[in-house]
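The chain contents come next:
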Amino acid sequence: MGVTSPLKGQTHSRSFTTKFLPYVIYALFPIALFRFYFHPFPSPTPDQLPHSNRIVLTSSSSYGVVTVFRLGPELGFDLEEETANEAPCNYTNGRWVRDKMGPLYNGTTCGTIKDGQNCISHGRPYLGYLYWRWQPSQCELPRFDPNTFFNLLSNKHIAFVGDSMARNHLESLLCMLATASNPNLVYSNGEDNKFRRWHFDSRNVTVSVYWSPFLVRGVEKSKTGPDHNELHVDVVDERWGSDLDHLDMVVLSIGHWFLHPAVYYEGGSVLGCHSCPGLNLTEIGFYDVMRKAIKTTLHTIIGRKAGEWDKAGACPKTEPYKEGEKMVEGMDADMRSIAVEEIESAKVNAKQFGGLRLETLDVTKLSLMRPDGHPGPYMYPFPFADGIQEHVPNDCVHWCLPGPVDTWNQIMLQVIKRWKR
């Protein structure tokens, strides 16, 4: 599907200095129909992305890996300023503790919540899931402050690129920022508004979302086309890639779309397929393909220098898991390993560029422990108004807004603040 880039024709007044400040945070959340996790990925430097500022944060759907690139001294970020004994906060280990304050917003005060994640408006009776906060074991995670975010990202453009988890993350951020400044929708295009852009006029901050569930070039299955996806694992999706020069921070997200039947291409030739009976092609699974897609994405960023959710059953828990009750295992662990390995490889590749700082945050565990934060049956309004039905659809992948996904933005803000310090 061809779309007009949200940034084409956009005019921004950018100083020479700010055009050379990229950042990268890579968050990966592969598919788990019940959870989300977070881990890191790498990215470019001012030398790498000569025509724009860039922060790239990549994500994927059920666990996650996050990699933070801090580039240059341009906005007062000095790589030599940090003291030798200042250790970054490790958000991996901790526990969910009760919090009387609750979220910054609710289902009626935020107007950008996707209908399927508006659990409160859909009549979810138990709201206890809103009154928890993540407490890291050895440091503090401050409450999200939208004004701090605006001050640090003033005159910048942050984009969320990927699948529906990227959109979920985006909508959480929009709601949190809207408590201090109203977002104006300035661009919308594509089926189901898959390409959108908002602008916070009072702070001159732009937030965009690009639909790209594979990050690489792909053709999605459809009723009028093939009943499988087609992926070109060695070519990045230019619907977002062509706009890298205009972005200051990017959040990339892939994961569960790789589980669908697909035919894979590399170098213009068929590489193999996944879950493709009747096509007379070699079945190669999706793990290596996912690895190739991540590698292509990271190499492109550095080199350019510049669903079936309801089949997993219900998610009825009303409180977080306790320490030790849930582990990252099976397919989730395998997908996480792929992400981590590719991140480490990209770190080596990125070292050749001066002024690049790469940090890794692992929030896999904290998200895995919050099954109570999914919409479940409340993806639709008042699902039990007519009594208990034999089959009720459940969304155990995405997150209620407000909900645990807001914690991702708390952590993201702390990373940006640390860059500033």
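For the structure itself, consult the block above.
If you're wondering where the values come from, they're calculated on a predicted model, not measured in any experiment.

A. Examining the overall build of the protein more closely. Helix and strand content of the protein: 7 helices and 15 strands. Across the 421 residues that make up the protein, the buried fraction comes to 56%. For the protein, the exposed area adds up to about 17,000 Å²; of that, 50% sits on carbon and sulfur atoms.

B. Structural context of helix H2 (residues 164–177). With 14 residues, H2 ought to run about 20 Å at 1.5 Å a step, and its terminal C-alpha atoms sit 20 Å apart, in line with that. Buried residues dominate H2, accounting for 14 of its 14 residues. Capping of H2 at its N-terminal end is provided by Asp163; its side-chain oxygen lies 3.0 Å from the backbone amide nitrogen of Met165.

C. Representation of the packing of aromatic side chains within the structure. Here the structure, examined in full by the defined rule, presents 10 aromatic pairs. Note on Phe144 and Phe149: the rings are 6.1 Å apart at their centroids and 40° apart in plane angle, and the pair reads as tilted. Each member of the pair Phe144 and Phe149 is classed as buried. Taken together, the aromatic side chains of Trp211, Phe214, Trp257 and Phe258 make up a single cluster linked through ring pairs. Just above the ring of Trp211 sits the side chain of Lys194; from NZ or CZ to the centre is 4.5 Å. Positioned over the ring face of Trp96 is Arg370, at 4.4 Å from the centre of the ring.

D. Highlighting the pattern of salt bridges. Under the criterion given, the structure shown has 7 salt bridges. Where Asp192 meets Arg167, a salt bridge forms, and the shortest distance between an N and an O atom there is 3.6 Å. Taken together, the residues span a long stretch of sequence, with Asp192 in the loop between strand E7 (184–189) and strand E8 (195–200) and Arg167 in helix H2 at a distance of 25 residues. Classification of Asp192 by relative accessible area gives partly exposed; the value is 49%. Residue Arg167 is classed as buried on the basis of its relative accessible area, which comes to 14%.

E. Quick look at the packing of H2 against helix H7 (residues 406–420). H7 packs onto H2 with a crossing angle of 70° between their chain directions and a minimal axis gap of 9 Å. Of the possible angle classes, the one that applies to H2 and H7 is roughly perpendicular. Contacts between H2 and H7 involve Met165, His169, Ser172, Leu173 and Met176 on the former and, on the latter, Asp406, Trp408, Asn409 and Met412. Partitioning the contact of H2 with H7 into residue classes produces 5 nonpolar, 3 polar and 1 charged.

F. Representation of the environment of Leu244. When you line up the elements, Leu244 lands in the loop between helix H3 (238–241) and strand E12 (249–254). With 57 residues separating them in the primary sequence, Leu244 and Ile301 have C-alpha atoms 8.0 Å apart.

G. Examining the nonpolar core more closely. Of all hydrophobic cores here, the largest spans 35 residues; its most connected members are Phe149, Ile158, Phe160, Leu173, Val207 and Ile416. The residues touching Phe160, leaving out its near neighbours within four places in the chain, are Ala166, His169, Leu170, Leu173, Val207, Ser208, Val209, Tyr210 and Val251.

H. Just the sheet that holds strand E11 (residues 229–236), in detail. Strands sit in the order E10-E11-E13-E14 across an open sheet of 4 strands; the sheet is mixed. Unpaired on one side and paired on the other, strand E10 (216–219) and strand E14 (269–274) mark the two borders of the sheet. Put simply, the sheet's adjacent strands are angled 25° from each other on average, direction ignored. Summarising the sheet, strand E13 (residues 262–266) and E14 pair through 5 bridges and their orientation is antiparallel.

I. Focus on the pairing of strand E5 (residues 132–136). Among the 5 residues of E5, 4 are classified as buried, and the element is accordingly described as predominantly covered. As paired strands, strand E4 (residues 94–98) and E5 are joined by 5 bridges and run antiparallel to one another. The residue bridging Val97 from the neighbouring strand is Arg133, located in E5.

J. The layout of surface pockets, seen in detail. Each pocket or cavity is described by its volume, and for the second largest pocket that value is around 340 Å³. Contributing to the lining of the second largest pocket are 23 residues, with Asp99, Gly102, Trp132, Arg143 and Gln410 lying nearest its centre. Within the residue set of the lining of the second largest pocket, elements represented by two or more residues are E5 and H7. Ranked by residues supplied to the lining of the second largest pocket, first place goes to H7 with 3 residues.

K. Geometry of the side chain of Asp237. Relative to the helices and strands, Asp237 is located in the loop between E11 and H3. Asp237 sits in the buried class, given a relative accessible area of 5%. Discounting residues that sit within four places of it in the chain, Asp237 has contacts with Trp211, Ser212, Leu215, Val216 and Arg217.

L. Here's a closer look at the state of the cysteines. Across all of its chains, the model carries 4 disulfides by this definition. Paired by a disulfide, Cys119 and Cys400 hold their sulfur atoms 1.9 Å apart. Here the S-S torsion is close to -85°, and the disulfide linking Cys119 with Cys400 is therefore left-handed. When sorted by exposure, Cys119 lands in the same class as Cys400, which is buried. Each sulfur of the disulfide joining Cys273 and Cys276 lies 1.6 Å from the other.

Parameters and conventions
- Residues numbered from 1 in each chain as written.
- Predicted model: local features only at pLDDT ≥ 70, side-chain atom pairs only at ≥ 80, totals over all residues.
- Heavy atoms only, no water.
- Helix = DSSP H or I, 4+ residues; strand = E, 2+ residues; numbered from the N terminus.
- Buried < 20%, exposed > 50% of the residue type's maximum accessible area, 1.4 Å probe, protein only.
- Areas by Shrake-Rupley, 256 points an atom, 1.4 Å probe, with all protein chains shown as cover.
- Expected span 1.5 Å × (residues − 1).
- Polar contact = N/O pair within 3.5 Å; in protein donor to acceptor, adjacent residues only side chain to side chain.
- Phe/Tyr/Trp six-rings, centres within 6.5 Å; stacked < 30°, edge-to-face > 60°.
- Lys NZ or Arg CZ within 6 Å of the ring centre and 35° of its normal.
- Salt bridge = Lys/Arg side-chain N within 4 Å of Asp/Glu carboxyl O.
- Axes fitted to C-alpha atoms, helices over the stretch in contact; angles between N-to-C directions.
- Parallel < 35°, antiparallel > 145°, perpendicular 65-115°, else oblique.
- Contact = heavy atoms within 4.5 Å.
- Nonpolar A, V, L, I, M, F, W, Y, C, P; charged D, E, K, R; others polar.
- Core = buried A, V, L, I, M, F, W, Y, C linked by side-chain atoms within 4.5 Å.
- Pairing = 2+ DSSP bridges.
- 1 Å grid on protein atoms, 1.4 Å probe; cavity = no way out; pocket = protein on both sides within 12 Å on 5 of 7 lines; lining within 4 Å.
- Points joined across faces, edges and corners; volume = space filled by probe spheres on them.
- Disulfide = S-S within 2.5 Å.

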